[in-house]
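Chain by chain, the residues run as shown.
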Amino acid sequence: PFRPTLTKFVVLTLLITVLFVVQNLLESEDTEPDVPRYIEDYNEQPALPRRTSEGTEPDVPRYIENYNEQPTSPRRTLSKNKAKPWLPDEIPQPPAAGAVALLNDDVPKWRDYDDPSDPFPLPPPRAKEHMFFALWFSPKNTTMPDKMRLCLGSFFYHHPNETFRIYSNDLTPATFADFTSRGHRVDVVKFDLPSVFRRCAPNNGFISWVMEGNYLKPRALNRNVHITDALRLCLSYIHGGLYVDTDIFFLTRIDFTDSIAYLNGEGGNCPVPPYELECTPPHTPEIVFRGQKLWLPSAVYFSTEFYALSAGSDFARKGLQHMQVYEDPKCWNCIGPKTFAHVYARMVEQEAKTIPPLIPSCDEHISEFYDDTIDVVARWRYVKHCPYTHLYASAGALKINKKSLLWQLVKDMCVGCEAFL
């Protein structure tokens, strides 16, 4: 009969439709979530052609190559802690009593300087430790600014058994009691400018330029800024290590040696007068940092807020030599970022073998850390490659948006930062 046959046909059609829908749902669960492709494991990505100036650029960070052309990779685990992927796979352990940190078996290099009459000897790095250091100038102020507390708190979270050195004639060991009482090491080292600069002088005219020139003589315009620029490069040349501004928040453990943080200078991003810098093509089209392949922009320039150099570094020596060409103290960035940009550009032109490796500065992603978000995990995936974030203005007031990624990072990766939460 006709009616039973039609019923069977309708039932069969419904069953086929249900099976088709279920199959599509199962397949959709196995697809990769829509996140920026640069956080994928670079070993899973095919080789990509170098970007040219032709065509349009994707609206994503400019060092990401062919963002829309990259194939979807298989699902992978971003971290052992899926709810908080910013946490390291192995949580750093607090310092043990009398523990000695051993990152490697090499004793740090040290430029010898033997002058028995020098009343301000610089202590060498502790044996078998990396050097981490910062500078602080604040006459008659021995309190620790909030941003310095976050800098040290994030540093000691990732480096619990390392020593952080502060060069300052104003702060005292008591300033850092909140950290030293927890077993962490903060060395406060006083210094004398002529004594330090004699140790790093690249030529006979350097000392007279430093002490008698327009930049560093008493009451010179922007003197503290210029002292910081010259002194940190000088100290890098003497003992090497990682220099950081005290408004830096560490996002990972730092194990590398020579590295300088680049900024994107292509597409009109290169600074213009009065703060112009020399932008230049990078010496390599790509880098691998924190397990991720990052394509570099067609032009880069540099910040001096976070960099690592070896003792006696060729880059540091050339920088100390070049800064002597400047005479106008109104140029606040001449012996800092401008010198870095110039030296790097000349070393690229000369194809020097001693060019420091590049790392991302991530200053262009500040909004990802500070702005409101309903999904901090998605925000983290976008900036996961960053070694640090910049809090800006070391002595300025600290404001942390409780709906931001930064607030979550301070909550989870900062020793002694409970007061900010």
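Everything that follows concerns the structure shown earlier in this document.
Residues numbered from 1 in each chain as written. Predicted model: local features only at pLDDT ≥ 70, side-chain atom pairs only at ≥ 80, totals over all residues. Heavy atoms only, no water.

As for the overall build of the protein
Applied cut-off: Starting at the N terminus, helices and strands are each numbered in turn, a helix being any DSSP run of H or I of at least four residues and a strand any DSSP run of E of at least two. Exposure is judged per residue with a 1.4 Å probe applied to protein chains only, and the accessible area is read against the type maximum: over 50% gives exposed, under 20% gives buried, and values in between give partly exposed. Residue contacts are counted whenever heavy atoms from the two residues lie within 4.5 Å of one another. Surface exposure here means Shrake-Rupley accessible area, sampled with a 1.4 Å probe, where a residue is shielded only by the protein chains that are shown.
The secondary structure content of the protein amounts to 11 helices and 11 strands. Residues counted as buried form 50% of the 421 residues belonging to the protein. Restricting to contacts in the protein with at least 6 residues of sequence separation, those with at least 24 account for 77%. For the protein, the accessible area works out to roughly 20800 Å², and carbon and sulfur atoms hold 54% of it.

As for unusual backbone geometry
Residue Asn-222 is not a glycine yet carries a positive backbone phi of 55°. Position of Asn-222 among the secondary structure elements: in the loop between α5 (206-212) and α6 (223-239). On the basis of relative accessible area, Asn-222 is assigned to the partly exposed category, the value being 32%. Phi at Glu-351 is positive, roughly 50°, even though this residue is not glycine.

Observations concerning the side chain of Asp-363
Mapped onto the secondary structure, Asp-363 falls in the loop between β10 (358-360) and α9 (366-370). Beyond its immediate stretch of four places on either side in the chain, Asp-363 contacts Leu-263, Glu-305, Tyr-388, His-390 and Tyr-392.

Regarding the packing of α6 against helix α7 (residues 314-322)
To be explicit about the condition: Only the stretch in contact is used when a helix axis is fitted, and all axes are lines through C-alpha atoms; the angle between N-to-C directions ranges over 0 to 180 degrees. Left-handed is the label given to a crossing in which the near helix is rotated counterclockwise from the far helix by less than a right angle, and right-handed is the label when the rotation is clockwise.
It is the contact of α6 with α7, at a shortest axis distance of 9 Å, that shows an interaxial angle of 145°. For the pair α6 and α7, the sense of crossing is left-handed. Packed against α6, whose contacting residues are Ala-230, Leu-233, Cys-234 and Tyr-237, the element α7 presents Ala-316, Arg-317, Gly-319 and Leu-320 at the interface.

Focus: helix α4 (residues 193-200)
For the record, the criterion: The definition of a polar contact used here is a pair of N or O atoms within 3.5 Å, where within protein one atom must be able to donate a hydrogen and the other to accept one, and adjacent residues in sequence count solely through side-chain atom pairs.
Counted residue by residue, α4 has 6 buried out of 8 residues, so it is predominantly covered. On its buried side, α4 packs onto α5, α6 and α7. For α4, the N-terminal cap is Asp-192; the gap from its side-chain oxygen to the backbone nitrogen of Ser-195 is 3.1 Å.

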